[in-house]
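Single-letter residue listing:
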Amino acid sequence: MSKITYIEYGGRQHVVDVTEGLTVMEGARDNSIPGIVADCGGACACSTCHVYVDPAWVDRLPAKEIMEEDMLDFAYKVDPVRSRLTCQIKVTEELDGLIVQIPEKQI
Amino acid sequence: MTGIVVIGGGQAGAALVAKLREAGYSGRLTLICGERVPPYQRPPLSKAYLKGDMERERLFLRPESFYASQDIDLRLGDRVTEIDPAARLLKVGGATLAYSQLALTTGSVPRRLPALIGGSLRGVYVMRGLADIDAMAAEFVAGRRLLIVGGGYIGLEAAAVAASLGLEVTLVEAAPRILQRVAAPETSNYFRTLHKSYGVRLLEGTSLDRLLGSGTVKGAVLNDGRELETDFVLVGVGVSPATGLAERAGIAIDNGIWTDELGRTSDRAIWAAGDCASFPYKDMQIRLESVGHAIDHAECVAVNMLGAGLPYIAKPWFWSDQYDVKLQIAGLNSGYDRVVERSGKCISTSIWYYKGDQLLAVDAVNDPRAYMAAKRIIEAGQTVDPRLVQDPNTDLRDLLVTAAAPQTKASGF
């Protein structure tokens with residue numbers, strides 16, 4: 001289990017344990033955290049699981065693949081450095097302590 | 001005290017109950033699911049789950065505990081056999097259940113081959129629920145022969161999984177080309193080439209005459225008289241809306257359960273959403289079979305059940321994964337009179353559907369930027385000059401800037 005902190009747009013924090021192997025999106029879904037919509041269920045097809053990764057964590061995550069980068073390119077209020085799609089981030093032990101911020105809205 | 005009952009635990013049913021709670025409904029809420037598993041995602045069934053890359057629990061739309069935590073009475077493995085709209089009563093599993101408002105999210109059922117031509121033989125499968133996939137999983141072994149009937153998205157996705165796993169795949173499509181019902185020839189051509197490169201035998205313009213075998217399917221006779229042997233068969237010839245229950249209750253049916261722009265059926269206390277329901281779109285009454293629509297329609301109906309009075313405006317989008325290719329579709333192409341193709345990097349391309357100068361839809365193949373740009377333009381009711389689209393030097397971002405409302409008269413661009 002890795003501890004992940006999801007911060008809603010209004011500032012409300014959710015600190016939850018997510019099983020390694022799941023994605024950061026699935027961690028939000030399984031803990032009913034609002035704001036990560038994930039319409040496509042994790043297929044990298046809809047860009048509705050967008051978050052801003054805490055600056056301290058940006059470089060500690062595996063790099064974006066082209067598909068994710070391209071999807072993000074047109075997401076709502078993208079930050080070129082901090083924006084990620086949570087369905088593309090697999091939870092590992094190294095991600096214990098990860099903090100992500102949920103945007104005002106998806107798309 | 002009665003409350004809201006939702007019949008059908010698919011994507012729409014799950015979205016509807018969650019939205020009712022989110023929107024503040026605190027009365028009794030019951031979700032009746034025919035299957036014995038909590039609501040789950042269907043798209044991976046013909047993709048990652050079929051391939052064995054995804055465990056069952058990861059398909060669940062919400063953990064089972066969600067329903068209890070939201071005070072939603074989740075009834076698994078229950079089937080409603082009758083609705084009595086006058087009394088506002090349901091018959092479910094031999095008991096009766098009263099409702100103040102009812103939502104039908106019964107989805108759709110796959111069309112099957114008639115028993116007369118072998119549709120009931122063992123080894124003949126359809127692809128709709130977890131049980132279907134679990135039943136056929138043992139057949140997906142390298143070297144075995146699979147016959148797929150139907151060259152739509154389900155058939156092609158299954159072909160991709162089977163070919164990737166080393167099966168010998170033959171696919172027959174009665175229409176002159178695969179994806180004929182849903183896409184332009186350019187898109188069909190792309191996927192034909194792709195599947196052939198993986199060794200799938202595609203027989204277009206070829207229909208199935210009958211399946212052969214006694215007890216278990218052994219082969220097939222095609223309409224041109226050809227016979228072929230097969231170890232199992234997958235039928236992917238479309239779905240029909242699950243309207244039986246509504247029909248028997250005297251609710252109006254029109255290409256699915258008829259609903260108005262709010263999602264209400266011909267009975268004031270009964271609503272419908274998702275695959276099973278038809279709804280007004282532009283000047284048509286249409287039905288959509290997609291996850292995006294199931295969610296949006298159900299959420300809209302949920303707030304309308306609480307009195308919001310919010311007309312549903314569909315924003316159609318779809319996707320399909322085949323091999324390492326992702327197809328994303330924005331908009332609905334029905335009524336298109338021309339297409340332009342925009343070639344992207346490497347194996348990416350996009351097909352842009354126009355009616356006059358109005359952009360209707362885009363099929364983006366491994367080109368998420370084209371998909372996202374087009375989705376924005378279409379949903380804003382705008383259009384872009386096809387010459388700009390076709391020009392590889394046009395940046396897609398610039399398209400968004402130049403997008404504008406279509407001219408009322410057809411301009412020559």
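Placed above this text is the structure.
Residues numbered from 1 in each chain as written. Chains lettered and ligands numbered in written order. Predicted model: local features only at pLDDT ≥ 70, side-chain atom pairs only at ≥ 80, totals over all residues. Heavy atoms only, no water.

## Topic: the state of the cysteines
Residues and elements named next belong to chain B.
- Under the defined criterion, the tally for this structure stands at zero disulfides over all chains.
- The structure places no disulfide on Cys33, whose sulfur is separated from the nearest cysteine sulfur, that of Cys276, by 14 Å.
- Judged by its relative accessible area of 1%, Cys33 is buried.
- No disulfide involves Cys300; its sulfur sits 15 Å from the nearest other cysteine sulfur, which is in Cys276.
- The class for Cys300 is buried, based on a relative accessible area of 6%. (Disulfide = S-S within 2.5 Å. Buried < 20%, exposed > 50% of the residue type's maximum accessible area, 1.4 Å probe, protein only.)

## Examining the pairing of strand β10 (residues 168-173) of chain B
All names here are of chain B.
- The buried fraction of β10 is high, at five of six residues.
- As paired elements, β10 and strand β11 (residues 201-204) share four bridges and run parallel to each other. By the bridge assignment for β11, Leu171 is matched with Leu202.
- Viewed along the sheet, the connection from β10 through helix α6 (residues 185-197) into β11 turns out right-handed. (Helix = DSSP H or I, 4+ residues; strand = E, 2+ residues; numbered from the N terminus. Pairing = 2+ DSSP bridges. Right-handed = clockwise from strand over helix to strand, strands pointing away.)

## Overview of the interface of chain A and chain B
- Of the residues lining the interface, 24 residues belong to chain A; the matching set on chain B comes to 27 residues.
- With both sides pooled, the region where chain A packs onto chain B buries about 2,100 Å², and carbon together with sulfur makes up 55% of that total.
- Three residues, Arg29, Asp39 and Phe74 of chain A, lead the burial of chain A against chain B; their summed loss comes to 34% of the area buried on that side.
- Linking chain A to chain B there are three salt bridges.
- One salt bridge in this structure joins Asp73 of chain A and Arg397 of chain B, with 3.5 Å as the shortest N-O distance.
- Counting the contacts that link chain A with chain B gives seven residue pairs in polar contact (both at pLDDT 80 or more).
- Looking at the side of chain A that touches chain B, the elements that each hand over two or more residues are α1 (24-30) and α2 (66-72) of chain A.
- The biggest single contributor to the side of chain A that touches chain B is α2 of chain A, with four residues. (Contact = heavy atoms within 4.5 Å. Buried area = accessible area lost by both parts, 1.4 Å probe. Salt bridge = Lys/Arg side-chain N within 4 Å of Asp/Glu carboxyl O. Polar contact = N/O pair within 3.5 Å; in protein donor to acceptor, adjacent residues only side chain to side chain.)

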